[in-house]
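Single-letter residue listing:
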Amino acid sequence: NMPSKHKPRSGSLQFWPRVRSKTSKPRIRTWTKDNDAKPLAFIGYKAGMAHVILKDNKPTSMTKGETISVPVTIVECPAIKIASSRFYKNTITGKKIISEILSEKIDKSLKRKINIPKKQKATIPSPEDYDEVRILVYTQPNKLSNSKKKPELMEISLGGKKEDQLTFIKENEGKDIIINDVFEENELTDIHAVTKGKGFQ
């Protein structure tokens, strides 16, 4: 018998073809709950990789108690600022935005990304008219170690009650929000990233 010219296919068709993403920002579909009025996410840029030498303390590991090398990713997280606050109302078909208030103090670098109107048209709705407040934040590329110039925009949900959310926005408008304001040391969190896309492999 002649040997077969075909082989079993390799790789998952679920991710085929692996095309480049249209945007470098990941999409967050579900937000967690938090009693504190603070952002529930933060934006970071991959700066590189390194390795950490540590003692393996996993009880089921084959290298338990031994010193091992673990690869780690370094994420650079420059301070972010509030571009606008968005007010949402719960409807039968989902959340609907009813108003968006631009921040009075916006960096000039944001003009590279969006057109900033000269006059504010919207007003803050009354508390009974909305159910949730989210903030549109932007990064500050001038504080990055790379040569990126255009800022990234991302909508982030806030924890706490509606009154506390408004207070947080008023207190932090025009100010830098650093990662220590969002996460604590040794806190576990989810990381969302976007692939470059490797095409047909």
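Residues numbered from 1 in each chain as written. Predicted model: local features only at pLDDT ≥ 70, side-chain atom pairs only at ≥ 80, totals over all residues. Heavy atoms only, no water.

1. Here we look at the pattern of salt bridges
Side-chain pairs of opposite charge can arise where the charged atoms are in close proximity.
Part 1 of the argument: One pass over the full model with this rule turns up eight salt bridges.
Part 2 of the argument: In this structure, the salt-bridge partner of lysine 81 is aspartate 107, at a minimum N-O distance of 3.3 Å. Taken together, the residues span a long stretch of sequence, with lysine 81 in strand S3 (residues 80–91) and aspartate 107 in the loop between strand S4 (94–102) and strand S5 (132–139) at a distance of 26 residues.
Part 3 of the argument: We classify lysine 81 as buried; its relative accessible area is 12%.
Part 4 of the argument: The exposure class of aspartate 107 is partly exposed, given its relative accessible area of 23%.
Part 5 of the argument: Here lysine 95 and glutamate 132 are joined by a salt bridge, their closest N and O atoms 2.8 Å apart. Of the two residues, lysine 95 sits in strand S4 while glutamate 132 sits in strand S5, which places them 37 residues apart along the sequence. (Salt bridge = Lys/Arg side-chain N within 4 Å of Asp/Glu carboxyl O. Helix = DSSP H or I, 4+ residues; strand = E, 2+ residues; numbered from the N terminus. Buried < 20%, exposed > 50% of the residue type's maximum accessible area, 1.4 Å probe, protein only.)

2. A few points about helix H1 (residues 162–172)
In an α-helix there are 3.6 residues to a turn, and that puts residues three or four apart on one side.
Part 1 of the argument: Among all positions of H1, only Gln165, Leu166, Phe168, Ile169 and Asn172 are buried. Each buried residue of H1 lies within a common arc of 160° when the element is viewed along its axis, so the set occupies one face. Exposed residues pointing more than 90 degrees away from the buried face of H1 are listed as Lys170 and Glu171.
Part 2 of the argument: Looking at the buried positions of H1, the neighbouring elements they touch are S3 and S5.
Part 3 of the argument: Once H1 ends, the next one or two residues include glycine 174, with phi positive near 80°. (Arc of directions from axis to C-beta. Contact = heavy atoms within 4.5 Å.)

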